[in-house]
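# Coordinates in review
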Amino acid sequence: MRGSSSLFEPIRVGEQDLSSRIVLPPLTRSRATDTGLATSLMAQYYRQRSGAGLIIAEGTVVLPQATAYPRVPGIYSEEQVASWRPVVEAAKSNGSTMYCQLWHVGRQSHSSVQPDGLPPKAPSTVAITGQQYRSPGGPVPYEVPRELIEPDIAEIVDAFGRAARNALRAGFDGVELHGANGYLIEQFLDDGINLRTDKYGGSIANRMRFLEEVLQEVFEHVPPHRVGVRLSPSSDWMDAIDSDKRTLFSTVIRRLDECGLAYLHLVEPGIAGATSAEESSSAIPTSELAQLFTGPVIVTGGHTFHSAQELIDRGVADMVGFGRLFIANPDLPTRFAVGAPLQEVRKKGLYGGAAEGYTDYPSLAAEK
Ligand SMILES: Cc1cc2nc3c(=O)[nH]c(=O)nc-3n(C[C@H](O)[C@H](O)[C@H](O)COP(=O)(O)O)c2cc1C
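Fair warning: this is a prediction, and the values are worked out from it, not measured in the lab.

Now for the overall build of the chain. A tally of helices and strands in the chain yields twelve helices and 16 strands. Over its C-alpha atoms the chain spans a radius of gyration of 19 Å, differing by no more than 12% from the 21 Å that the globule rule assigns to 368 residues. On the principal axes, the C-alpha backbone points of the chain span a range of 60 × 45 × 40 Å. The buried share of the chain, taken over its 368 residues, is 59%. Counted over contacts in the chain with a minimum sequence separation of 6, partners at least 24 positions apart contribute 73%. Put simply, the chain shows about 14,200 Å² of open surface, and 52% of that area lies on carbon and sulfur atoms. For the chain, the distance from the average site of its 34 positive side-chain charges to the average site of its 43 negative ones is 4 Å.

The structure is reproduced here in structure tokens:
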């Protein structure tokens, strides 16, 4: 039964006790190397934020083809696994639990970063039209993706399983599947993106098949109670269009509830990827979807200390993620605890660069 806990109270997730319900949600910061290795700067960044009960590492790609942007970390090679170990150790140095967000961007990639130099692959040949790809030379139109054929799908499913196993080998406590923000898993779910007529398209059961295959493969390596899934049911960012999101995501969440997962992670309506946006009139209240899941629920998006506590008091969420607040306030839980003022996030250094805008936000102690 959810409700009436303090944000600072411990909670059991899977077989692990988290020290609080304060979550560092996945945040791409593009400080890995060009070959997707985690860096000592990343170790410093996560160590600074090690007061969170749960740390979910930034989107981490499962294959070279899975990326969209430079300097995003990977977890498919031995070298990458080794590079993560000191980062995970630093992040967990204060008793946090750390999950790795496993990511494949599908059609949100671009030929300029694909290993074969061709347009990215996706469920169907439907390009994103509402946004542009942020190439190093400036925004360019998204390309019409190539349609995934069945052996491609099998390769990606396998890669998720390997990445999950690698994540545990790197010291992560579990993995989160990135099923949000219009990336590959959601591209299969939405009927405005997935126009397939084979067993991966058409009915909701068919459109869920890719997610189910990924889960089954991941479960071969990581028990369900160490696996979370992230969804953004009310977001149409990156043309994540579906004719009936309420039915789609209710069905998906009911199915996920049968799997005995560590948690379900829901992004609030009113969030478009990494920014706040106007809530659409068809937004589905998070409370409605959260009640379909009996395990722990994390909710992220636009929350302050007070709104987060209210969400827990109302029984909507068990844990709350704070993205931009955690970027600007590395010691966010301490600041919450003492009611200290919060620093504002700066645009410079949000994606890429070095320490500026990444590890140079002072803690309360350093400010004094
Ligand atoms: C710089 C930045 C990078 C992000 N990268 C990711 C990511 O890798 N994976 C993901 O699921 N969400 C990502 N997000 C979305 C956040 O996890 C979160 O849902 C969003 O910032 C809303 O929460 P907030 O209002 O507390 O910031 C990113 C957001 C920001 C600001």
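So, next bit.
Among the 20 residues in the neighbourhood of the ligand, the closest are listed as Thr 28, Arg 230, Gly 302, Gly 323 and Arg 324. Within the side chain of His 178, an N or O atom sits 3.0 Å from an oxygen atom of the ligand. Gly 323 places a polar main-chain atom, nitrogen or oxygen, 2.8 Å from an oxygen atom of the ligand. Here the ligand, which alone exposes 610 Å², has 96% of that area covered by the protein. Put simply, the ligand lies in the largest pocket. Class assignment of the residues belonging to the shell around the ligand gives a composition of eight nonpolar, ten polar and two charged.

Calculation notes
- Residues numbered from 1 in each chain as written.
- Predicted model: local features only at pLDDT ≥ 70, side-chain atom pairs only at ≥ 80, totals over all residues.
- Heavy atoms only, no water.
- Helix = DSSP H or I, 4+ residues; strand = E, 2+ residues; numbered from the N terminus.
- Rg over C-alpha atoms; globule rule 2.2 N^0.38 Å.
- Buried < 20%, exposed > 50% of the residue type's maximum accessible area, 1.4 Å probe, protein only.
- Contact = heavy atoms within 4.5 Å.
- Areas by Shrake-Rupley, 256 points an atom, 1.4 Å probe, with all protein chains shown as cover.
- Lys, Arg positive; Asp, Glu negative; His and termini not counted.
- Charge placed at Lys NZ, Arg CZ, Asp CG, Glu CD.
- Near = heavy atom within 4 Å.
- Polar contact = N/O pair within 3.5 Å; in protein donor to acceptor, adjacent residues only side chain to side chain.
- 1 Å grid on protein atoms, 1.4 Å probe; cavity = no way out; pocket = protein on both sides within 12 Å on 5 of 7 lines; lining within 4 Å.
- Sits in = over half its atoms within 2 Å of the grid points.
- Nonpolar A, V, L, I, M, F, W, Y, C, P; charged D, E, K, R; others polar.

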